[in-house]
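Given next are the chains, with one letter for each unit.
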Amino acid sequence: MPDCPTVGEWIQSWLTDYALLRVCGSTYRGYQGVVRRYVLPHLGAVPLDELRPDMVQAFYRTLQSPGASRTGEPLSARTVLQVHVVLHQALTKAVALRRIESNPADRAQGVERPRIRYKQMISLDEHETAQLLAHAEGNRLYLPILLAVTTGLRRGEMLALTWADVDLDRATIGIYRTWDRRDGGYELKEPKTRRSRRTVVMPAITVDALRAHRASQAQTRPPGTAPSRFGYGQLVVCMPDGTPWWPDSFSSAYHEFIRRQELRGRFHDLRRSHGSQLIKVGVPIKVVSERLGHASTAFTMDVYTDVLSGMQEDAAARIDSMLRAAMIQYEEP
């Protein structure tokens, strides 16, 4: 690499030498796509040490102008934010390695990143959850749905779960791996963050369902048949012959089930529903965060802002009731 690389040369080097080592396969491919489609055509030829904040801001503005996408429409704020994240990380590493003095994509340099409006996620209440489970009774989706609404497992975590990870006597599930897309297929990876690697305690209803499911598997697929090709044991949620139920195929089956039953919500909404229901029954936010494998309690509070704000009235009523009861003894006769 020359002493003064271009933005394109630097970001390609960053992808190979740094990003590849720290992010999972699907995230890395997303980074590659962002760089190839957006960064290289617009900023690739600019010398790295000549990139200025106003050039970065103009780049973001161009991406949100007509003609930026393949359909001729502006890119969404979410996509431009993804571009910003990749560019900012690459330039931060350049600063750390003293390739440049400061990060021209940093807010401190006056760059405003796009703001996105997050799509409102669906949270099922306990009645809607019970209805969903009733509709799924007898369907092979019943156990995955039950696991999602009672433990908050992610799709990839659940589909990578093996019986060795499940302790029915202690009612716990260990989350040690997840499916990650790689080169047109899937491979097993460790969870993205340290806190995603966790142990989740199951309610009795889930333990009972897993006991019945294991017994059913033993009858339909005796030990020794369809051995795991992945060398870590038998999958809990899988195809009838014991082979993996790939995430894309699973999502298609779930979407078709929801459509046919005229119900609402994506599979990921079941995980959110679990978190919402925990908060509503008074489970501390730290426990909710640990159970869901969030990176921090701050992230959990941000995700569930609508649920927490909706509990303000209940909190006020509770404190009012408590104080009024305590003050009775001090009232004059």
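Here we summarise the structure given alongside this text. This structure is a prediction, so every number in the text was calculated from the model and none was measured.

**Side note on the layout of surface pockets**
- One number sums up the size of the second largest pocket: a volume of about 420 Å³.
- Lining the second largest pocket are 19 residues, and of these N139, R140, L143, H213 and S216 sit closest to its centre.
- Counting residues per element, the ones that place at least two in the lining of the second largest pocket are α6 (142-151) and α8 (204-220).
- Looking at which element gives the most residues to the lining of the second largest pocket, the answer is α8, with six residues.
- Grouping the constituent residues of the lining of the second largest pocket by class yields 11 nonpolar, six polar and two charged.

**Quick look at helix α1 (residues 7-22)**
- Spanning 16 residues, α1 covers 21 Å between terminal C-alpha atoms, matching the ideal 22 Å at 1.5 Å per step.
- A bend of about 40 degrees at L15 is the largest found in α1.
- Lining the buried residues of α1 we find α2 (25-43) and α4 (77-96).

**Brief notes about the packing of α6 against α8**
- As a packed pair, α6 and α8 sit with axes 10 Å apart at the nearest point and diverge in direction by 155 degrees. Judged by the inter-axis angle, α6 sits roughly antiparallel to α8. Two packed elements cross with a definite hand, and for α6 against α8 that hand is left-handed. The segment α6 lies against α8, with L143, L146, L147 and T150 engaging I205, T206, A209, L210 and H213.
- Of the residues contributing to the contact of α6 with α8, the split by class is six nonpolar, three polar and no charged.

Calculation criteria
Residues numbered from 1 in each chain as written. Predicted model: local features only at pLDDT ≥ 70, side-chain atom pairs only at ≥ 80, totals over all residues. Heavy atoms only, no water. 1 Å grid on protein atoms, 1.4 Å probe; cavity = no way out; pocket = protein on both sides within 12 Å on 5 of 7 lines; lining within 4 Å. Points joined across faces, edges and corners; volume = space filled by probe spheres on them. Helix = DSSP H or I, 4+ residues; strand = E, 2+ residues; numbered from the N terminus. Nonpolar A, V, L, I, M, F, W, Y, C, P; charged D, E, K, R; others polar. Expected span 1.5 Å × (residues − 1). Bend = angle between axes of the 7 residues up to and from the residue. Contact = heavy atoms within 4.5 Å. Axes fitted to C-alpha atoms, helices over the stretch in contact; angles between N-to-C directions. Parallel < 35°, antiparallel > 145°, perpendicular 65-115°, else oblique. Left-handed = near helix turned anticlockwise from the far one by under 90°.

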